[in-house]
Amino acid sequence: SYSHLDAEAARTFYRHLCLLVRGAPALRLAESSIFFDRQQLRAGEDWGEAIDAALERAEVFVFLVSVNSLNSKFCCERELAVAAARGIIIVPVVLSECTWEDIVVPRDPLARPLGRLGALPKDDGFNLREVSRWPQPDAAWTSVMRALKERLHPQAAPIDQLPVMAGAAATAAAGPRHVPRLLPY
């Protein structure tokens, strides 16, 4: 979920996520399992229904946090609230500095504030650093992708050390696994 005022950051996130999916076969994800409005919504389609259907299938909900998304009723009261009510894993990715930590997630059964949900990106010292504060923005997105990879498949090797056969063998040895769907809408 993102504010359309942050569309460029969302597109960058999506490009990095597609690269992660292509480069990590152990995740057993396809780009088609990623719902991104710029890629999925079509003219003449009921966009509300399409978003609801994607939320119904989602197992991970990425919320791009900014003053824009926090002020968007659609992002917070519709998408974030539905994700929380359905028990979908919510991963906040903080784009820019704002007072986000104490915002209570709407319809969260535990009434958790966003600051308790393990936000990204983290620097080398495991400290949260907003995407806008990284000297190299691609380093911020790489940090986000590494954390998402670990969240989606904790047994996978680091992103730059993933052997294709070992990853496939490890996944097969673990038995059948439900394929997660990401929702960076």
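Residues numbered from 1 in each chain as written. Predicted model: local features only at pLDDT ≥ 70, side-chain atom pairs only at ≥ 80, totals over all residues. Heavy atoms only, no water.

(A) Highlighting the overall build of the protein. Scanning the protein from terminus to terminus reveals 7 helices and 3 strands. Across the protein, helices and strands are ordered from the amino to the carboxyl terminus as α-α-α-β-α-α-β-α-α-β. The buried share among the 185 residues of the protein stands at 47%. Pairs at least 24 apart in sequence give 68% of the contacts found in the protein among residues at least 6 apart. (Helix = DSSP H or I, 4+ residues; strand = E, 2+ residues; numbered from the N terminus. Buried < 20%, exposed > 50% of the residue type's maximum accessible area, 1.4 Å probe, protein only. Contact = heavy atoms within 4.5 Å.)

(B) The arrangement of the pattern of salt bridges in detail. Taken as a whole, this structure holds 6 salt bridges when the rule is applied. Put simply, Glu8 and Arg11 hold a salt bridge, and the shortest N to O gap is 3.1 Å. Separated by 3 residues within a single helix, Glu8 and Arg11 lie in helix H1 (residues 7-23), roughly one turn from each other. Three or more residues are tied together by salt bridges with common partners; here these are Glu8, Arg11 and Arg15. (Salt bridge = Lys/Arg side-chain N within 4 Å of Asp/Glu carboxyl O.)

(C) Local environment of the pairing of strand E1 (residues 60-65). For E1, the tally of buried residues reaches 6 of 6 residues, placing the bulk of the element in the interior. Here E1 shows two buried faces, one formed by Val60, Val62 and Leu64 and the other by Phe61, Phe63 and Val65. Relative to strand E2 (residues 89-94), E1 runs parallel, the two being bridged by 6 bridges. In the sheet register, Val62 faces E2, and the bridge partner there is Val91. (Pairing = 2+ DSSP bridges.)

(D) Fine view of the packing of aromatic side chains. Taken as a whole, this structure holds 1 aromatic pair when the rule is applied. Between Lys122 and the ring centre of Phe126, over which it is positioned, the NZ or CZ distance is 4.9 Å. Lying across the ring of Trp134, Arg129 places its NZ or CZ 5.0 Å from the centre. (Phe/Tyr/Trp six-rings, centres within 6.5 Å; stacked < 30°, edge-to-face > 60°. Lys NZ or Arg CZ within 6 Å of the ring centre and 35° of its normal.)

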